[in-house]
Each structure stands twice: as C-alpha cells, then as structure tokens.
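Residues per chain, in single letters:
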Amino acid sequence: MKIIALISVAGIILLQLSGAVPQSSVGGPMTLAFGFFAAVLAVAIHEAWTQGRGVVGWIVNIIVTFLGAFAAAEVGNLLFELILPRINLESVPLASSGHYLLYVGLAAMMLLMLTGAWLALQLVNRLR
C-alpha cells in the first residue's frame, strides 16, 4: 500500500508538472480523475491478489474500493472548499495559477482517496 501511494502521488504531481493536464473546463479534471481512479483500482487489485480472492472477491474489492474512494473524495472536497476561499489568489483559478497549493492539494486528495479505499476494504474484510 505504501508503494502504491508513493507512486500514485508522484505520478499525479508529475502529470500536472509535465503539462499533460489540459486547462480546459472538462479535460483537466477528467485527466486527473483517471489518475486517481487508476490508483484506487491498483489498491483493489493488490489486495485481491495478495489475499488470494476468487472472482467474486475481486469484484467486491473493486466495488468497495471505489465506494470508499468516492466517499473520501467528498470529504476532501468539503475540506478543500473550506480552505480555498481563505487563500488570496487574486481571482486566478488555482489550476492555471501554478500555486504550490495545487500540488499539495493533488497529493492530499490522492492520499485521502487511497486511505478511503483502504479503510473500506478493511471494513469489508472484517465482515467476511
């Protein structure tokens, strides 16, 4: 899990730094969402593989990790919306400003989503 988190955070930050994330209204968030959900899928596959799950276990792992990641993303969104208005960016969108908070936010959201996925898996593992 630690290696997945490290690679995922590095990947999402490098994706943003390289300019591969479009600044359009839909393209940028969709590119980032693909990176976030690819990392969540990696958590589901890793846990299913290491625990020797069957076909149903793999499906349950994927569904549960995505549900946990969505719930964690909502919590992160609420927290980020509380923080963002208190930062003076002089009416420049955070995505195009290049402000360091963009990279901190991306890393924090990735870690939060991976934590949500992992916690959801732990909850289901207790119920199995």
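Read on for an overview of the structure. Everything numeric here is computed off the predicted structure, so don't read it as measured data.

Parameters at a glance
Residues numbered from 1 in each chain as written. Predicted model: local features only at pLDDT ≥ 70, side-chain atom pairs only at ≥ 80, totals over all residues. Heavy atoms only, no water. Patch = residues over 30% accessible without salt bridge, like charges linked within 9 Å, V, L, I, M, F, W, Y side chains within 5 Å. Areas by Shrake-Rupley, 256 points an atom, 1.4 Å probe, with all protein chains shown as cover. Salt bridge = Lys/Arg side-chain N within 4 Å of Asp/Glu carboxyl O. Helix = DSSP H or I, 4+ residues; strand = E, 2+ residues; numbered from the N terminus. Buried < 20%, exposed > 50% of the residue type's maximum accessible area, 1.4 Å probe, protein only. Axes fitted to C-alpha atoms, helices over the stretch in contact; angles between N-to-C directions. Left-handed = near helix turned anticlockwise from the far one by under 90°. Contact = heavy atoms within 4.5 Å. Nonpolar A, V, L, I, M, F, W, Y, C, P; charged D, E, K, R; others polar. Core = buried A, V, L, I, M, F, W, Y, C linked by side-chain atoms within 4.5 Å. Phe/Tyr/Trp six-rings, centres within 6.5 Å; stacked < 30°, edge-to-face > 60°.

### Looking at a nonpolar patch on the surface
Together, Val55, Ile59, Ile63 and Leu67 make up a nonpolar patch on the protein surface, roughly 420 Å² of accessible area in all. Here isoleucine 59 shows up in helix α3 (residues 55-83). A residue is classified by how much of its surface remains accessible, and isoleucine 59, at 49% relative accessible area, is partly exposed.

### Brief notes about the packing of helix α1 (residues 2-17) against helix α5 (residues 100-127)
Taken N-terminus to C-terminus, the directions of α1 and α5 make an angle of 145°; their axes are 9 Å apart at the nearest point. Seen along the crossing, α1 lies across α5 with a hand that is right-handed. Each of Ile4, Ala5, Ser8, Val9, Ile12, Ile13, Gln16 and Leu17 in α1 lies in contact with α5, whose residues at this interface are Leu102, Tyr103, Leu106, Ala107, Met110, Leu111 and Leu114. Here the contact of α1 with α5 is composed, by residue class, of 13 nonpolar, 2 polar and no charged.

### Description of the side chain of asparagine 61
Looking at the secondary structure, you find asparagine 61 in helix α3. Judged by relative accessible area, asparagine 61 falls into the buried class, the value being 0%. Sequence-distant contacts of asparagine 61, defined by excluding residues within four places in its chain, comprise Ala44, Glu47, Ala48, Arg53, Leu121 and Arg128.

### So, the nonpolar core
Core analysis: the largest hydrophobic core is formed by 24 residues, its most contacted members being Phe36, Met110, Met113 and Leu114. Of all the elements in the fold, those that place two or more residues in this core are α1, α2 (27-50), α3 and α5. A total of 11 residues in this core trace back to one element, the largest contributor, which is α5.

### As for the packing of aromatic side chains
Tallying each qualifying case throughout the model produces 3 aromatic pairs. Seen from their ring centres, tryptophan 49 and tryptophan 58 are 6.4 Å apart, and the 80° between their planes marks the pair as edge-to-face. By relative accessible area, tryptophan 58 is classed as partly exposed at 26%. Here a set of aromatic residues connected by ring pairs shows up, and it is made of Phe37, Phe66 and Phe70.

These figures come from the coordinates and say nothing about function on their own.
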